[in-house]
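Structural characterization, general
Next come the chains, spelled out residue by residue.
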Protein chains: 2
Amino acid sequence: MTLAATPDTSLEDAVLDVCRRAKVASRPLRVATRATKDAALQAVADALEAATDRIVAANEIDLARGRSEGTSEHLLDRLALDPARIAAVAAAVREVAALPDPVGEVVRGSTLPNGLRLRQLRVPMGVLGVVYEARPNVTVDVAVLALKSGNAVVLRGGSAALESNTVLVEVVRGALESAGLPADAVTSIDEHGRDGVGVLLTARGLVDLLVPRGGADLIQRVVREATVPVIETGVGNCHVYVDASADLRQAVDVVLNAKTSRPSVCNAAETVLVHSALAADFLPSLLTALHGAGVVLHADERAVEAARVAGVPAQAVTDDDWAAEFHGLEIAVGVVDSVQDAVEHIGRWSSAHTEAVLATDVRVTDFFCAAVDSAVVAVNASTRFTDGGEFGLGAEVGISTQKLHARGPMGLGELTTTTWQVLGDGHVRG
Amino acid sequence: MTLAATPDTSLEDAVLDVCRRAKVASRPLRVATRATKDAALQAVADALEAATDRIVAANEIDLARGRSEGTSEHLLDRLALDPARIAAVAAAVREVAALPDPVGEVVRGSTLPNGLRLRQLRVPMGVLGVVYEARPNVTVDVAVLALKSGNAVVLRGGSAALESNTVLVEVVRGALESAGLPADAVTSIDEHGRDGVGVLLTARGLVDLLVPRGGADLIQRVVREATVPVIETGVGNCHVYVDASADLRQAVDVVLNAKTSRPSVCNAAETVLVHSALAADFLPSLLTALHGAGVVLHADERAVEAARVAGVPAQAVTDDDWAAEFHGLEIAVGVVDSVQDAVEHIGRWSSAHTEAVLATDVRVTDFFCAAVDSAVVAVNASTRFTDGGEFGLGAEVGISTQKLHARGPMGLGELTTTTWQVLGDGHVRG
């Protein structure tokens, strides 16, 4: 930056310079062996533990600023780092080191009729950009997933965690350098504020993939402004449909698990649809159970009647409720006359994350699986299983709700691209 | 459209209405069996042949307008349809019908420790948008690839082929309807002109994937304006590196094949880099062969000297030449001192389509394969093999030069996304 430059130009130059340094760093990472990358991850874990006091001190500054700005206790808890949480972050880094390396995996291959040997292999993307909010442990999680998959990463964390993230990035960079990898494999543009994000989103040729992690507003901004390819993650308006053929002993447990086991996360259920044949007997008992678990009910006309039968309160459902990701103990309840009607409702309101069907009639489950266009369909199981860890994919980068490249839980493999190798002996095309 | 609406609003409404109709049509396509889809494709092939006279007549109007506007003979030839070409298009449709259906393919799956059965399956994207130029046969090619993979498609062809494309789309739609599939599975926004493309590019929630097929200007416009996910295709600035260890008997043949066998296509070579150990003897003979094949040489300083030794003309190479996709009989020639220097040159100038290395030293080919970041790397083979047909993928949608979702030749599988099925027996998450 020079004094003569206008602020906008110097901001753009500064952010692009960070991206360029990441791109240079991505080259040795691309050809780094698994042994080198894993040793670097172990060094990161050790360095985080060794820097516990420094990290906690920086986090205290963020927490104090948050308190003075009236941040809610819930958000302060997400922001807080203590020695136990830092140890958990370091343990998660060592778990990533233990995962298989996706780079070099042969996806498919064959020998062609002319003798050419064809191989499609996984290779790193190059440079990732990750924009996220609040929790500072994401800084480390994302950095180590990028490194393990052979990518450099440019980070942009939430301003509420600025001091914490600054120290975490310094610690990670120091560990990388000590392990013989370039420090610039992990960089941050936090110091350039919100305007810096705009530059990152359009850094074509320098950034290969952008992953926004956060609420709908953040994701919409990224999708609107980005010219770099994007993978959207995480908005979950998930549905459970209870068919007339459902095993009713299971159904209440599954709906309760889907709604109440962790209501703040994206794979929690937001709407339950019940077949009209179950409206008189089963639905009142389901609503009683939900109400007993502290869940506020937003019910359509027939479900309001079932609530009256059950003697539990229910509000009239609105279109906003059908569309909502409540992030808490609220649920929309509807009565439908068929699995077709359930699928139509889901097609209209779902965020295409996860939908569950509870049914014993295989014609119903087959139709539901074929007609629902979401990342995950659960049959006689809770929506809460949509998770990289539960799926056995190892660490999870996020849950993609888009159709391109990655859909559903994204593991390390989804942070790679592929390349084709064509191996010949002087072959020319006729 | 109403008279009261402003032109822009009515244009937007009209294009979005086309997209909405495509989305409605995509639902039955999503669950259509292979038998239904293949029967529809056979009906399309039959209908094209039956409509030969009508198609030729419409094409004559496009050709006449092109001639009156001074369109080059080369472009007029790309635009022209005669009975033989229409028969070839119909034959290609029947070939697509014979390909396996990508929908329903199980990509991976397992039974989890808790007994949940996990399956990842290929499913249609939904609605594709394809923007392309000049050749009217692309209209049919793209429509049938979309149908075979269970997708509806919204087409936007080049204005030069407007009459031809209008008739082709009508014929395809009629055949679909006769085969019991919705006509709106194939729609066109050609009548809405260039402004209609802008609406298509931002039709989020209606269009799932955009594929621009055409020159760099078209692709740049799409990437800049689109908020719908995009796969870039086709710009090819391909390189051949001849190492000191190359089998020199093969090397001239491979370079000539890469440059001259079809110089207008994207997998043709645009630059040859030769190791300095070969500059005195091999390079003059290579340049003689290229010149003899009618290739104009753009040479760096050491290659100019080799041309002088060979007694053939060579122009001094410019940065524009290194960056160029010549689309004709021209080539940039450089001398490098190592495979590392070759890889660095390629990293700077390549469009990341296809690069070839000619070498017998496995250390050189291994390094080249690991360090070059392009969709395809050919070892001792011509760049011209980068092609869906040559790779055995069947019909090709295009050649992706981006890293997300599809890289290199795109077959039918790349027009699908995946969904996860989680099959349980009342499973809840602990």
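In this text, all values refer to a predicted model and were calculated from it rather than measured experimentally. Residue positions are given per chain, counting from 1 as you read along its sequence in written order. A letter from A marks each chain and a number from 1 marks each ligand, given out in the order of writing. pLDDT decides what is reported in this predicted model: residues at 70 or higher carry local features, side-chain atom pairs at 80 or more are listed and counted, and totals for whole chains, interfaces and linings draw on all residues regardless. Based on all heavy atoms of the structure, the side-chain values leave hydrogens and waters out of the count.

**Considerations on the overall build of chain A**
Applicable threshold: Under the DSSP-based scheme used, a helix requires at least four consecutive residues in state H or I and a strand at least two consecutive residues in state E, with every element numbered from the N terminus. To get the radius of gyration, use the C-alpha atoms; to get the globule rule, take the number of residues to the power 0.38 and multiply by 2.2 Å. Residue exposure (1.4 Å probe, protein chains only): buried if accessible area is under 20% of the type maximum, exposed if over 50%, otherwise partly exposed.
Of the regular secondary structure elements, chain A holds 15 helices and 16 strands. Against the globule reference of 22 Å for 430 residues, chain A gives a C-alpha radius of gyration of 25 Å, in line with a compact fold. Seen along its three principal axes, the alpha-carbon backbone of chain A occupies a region of about 70 × 70 × 40 Å. Evaluated residue by residue, chain A yields a buried proportion of 58% over its 430 residues.

**Let's talk about the domain arrangement of chain A**
For clarity, the cut-off: Domain delimitation follows an automatic or database domain assignment.
You can read the domains of chain A as domain 1 (7-233 + 409-421) and domain 2 (238-390). When each unit is reduced to the centre of its C-alpha atoms, the spacing between domain 1 of chain A and domain 2 of chain A is 36 Å.

**Focus on the environment of D253(B)**
For D253(B), the location among the structural elements is in helix α10 (residues 248-260). Sequence separation between D253(B) and A146(B) is 107 residues, and the spatial gap between their C-alpha atoms is 38 Å.

**Some thoughts on the UniProt feature "domain: Aldehyde dehydrogenase" (unreviewed entry) in chain A**
The test is simple: UniProt positions are given in the numbering used here, feature names are shortened, and annotations may be inferred rather than shown by experiment.
As recorded in UniProt, the sites labelled "domain: Aldehyde dehydrogenase" (unreviewed entry) are residues 12-291 of chain A. From the first C-alpha to the last, residues 12-291 of chain A spans 53 Å; its make-up is 52% helix and 16% strand.

**Section: the environment of G394(B)**
All names here are of chain B. Filter applied, for reference: Between two residues, a contact is recorded if the distance between any of their heavy atoms is within 4.5 Å.
Topologically, G394 is positioned in the loop between β13 (376-381) and β14 (398-400). Accessibility expressed as a relative area gives 23% for G394, which makes it partly exposed. Each C-alpha atom, one on G394 and one on A203, is 30 Å from the other, the two residues being 191 residues apart in sequence. Every residue in contact with G394, bar those within four places of it in the chain, is listed here: L99, G388 and G389.

**Quick look at the sheet that holds strand β5 (residues 186-188) of chain A**
Residue and element names in this part refer to chain A. Rule in force here: By the convention used here, strands pair only if DSSP detects at least 2 bridges between them. Lines fitted to the C-alpha atoms define the axes, with helices restricted to the stretch that makes contact. Angles between their N-to-C directions range from 0 to 180 degrees.
Overall, parallel pairing links the four strands, which are arranged β5-β4-β3-β6 in an open sheet. Two strands close off the open sheet at either side, each with one partner strand: β5 and β6 (209-213). Taking the axes of each pair of neighbouring strands and ignoring which way they run, one obtains an average angle of 20° across the sheet. Of the pairings in the sheet, the one linking strand β3 (residues 127-132) to β6 comprises five bridges and is parallel in character. The partner of L128 across the bridge, within β6, is L209. Along the sheet, helix α7 (residues 162-178) contacts β3, β4 (152-156) and β5; its crossing angle with β5, the most-contacted strand, is approximately 155°.

**Some words on the pattern of salt bridges**
Filter applied, for reference: In the sections that follow, a salt bridge refers to a side-chain nitrogen of Lys or Arg positioned within 4 Å of a carboxyl oxygen of Asp or Glu.
Using the criterion set out here, one finds 52 salt bridges over all chains in the structure. Notably, a salt bridge pairs D38(B) with R34(B), separated by 2.7 Å at the nearest N-O pair. Of this pair, D38(B) and R34(B) both sit in helix α2 (residues 34-50), four residues apart, roughly one helical turn. Of the residues examined, D38(B) reaches a relative accessible area of 13% and is grouped as buried. Look at R34(B) and you get partly exposed, because its relative accessible area is 34%. Here the salt bridges do not stand alone but share partners, grouping R30(A), D208(A), D373(B), K403(B) and R407(B) into one network.

**Description of the interface of chain A and chain B**
For the record, the criterion: In this description, buried area is defined as the sum, over both parts, of the accessible area (probe of 1.4 Å) that is lost when the two are combined.
Across the boundary between the two partners, chain A contributes 65 residues, which contact 65 residues of chain B. Taken together, both faces of the contact between chain A and chain B bury some 5,500 Å²; the carbon and sulfur share is 51%. Ranking the residues of chain A by area buried against chain B places L404(A), W420(A) and R429(A) at the top, with a combined share of 16%. At the junction of chain A and chain B, the tally comes to twelve salt bridges. Notably, a salt bridge pairs D387(B) with R429(A), separated by 3.8 Å at the nearest N-O pair.

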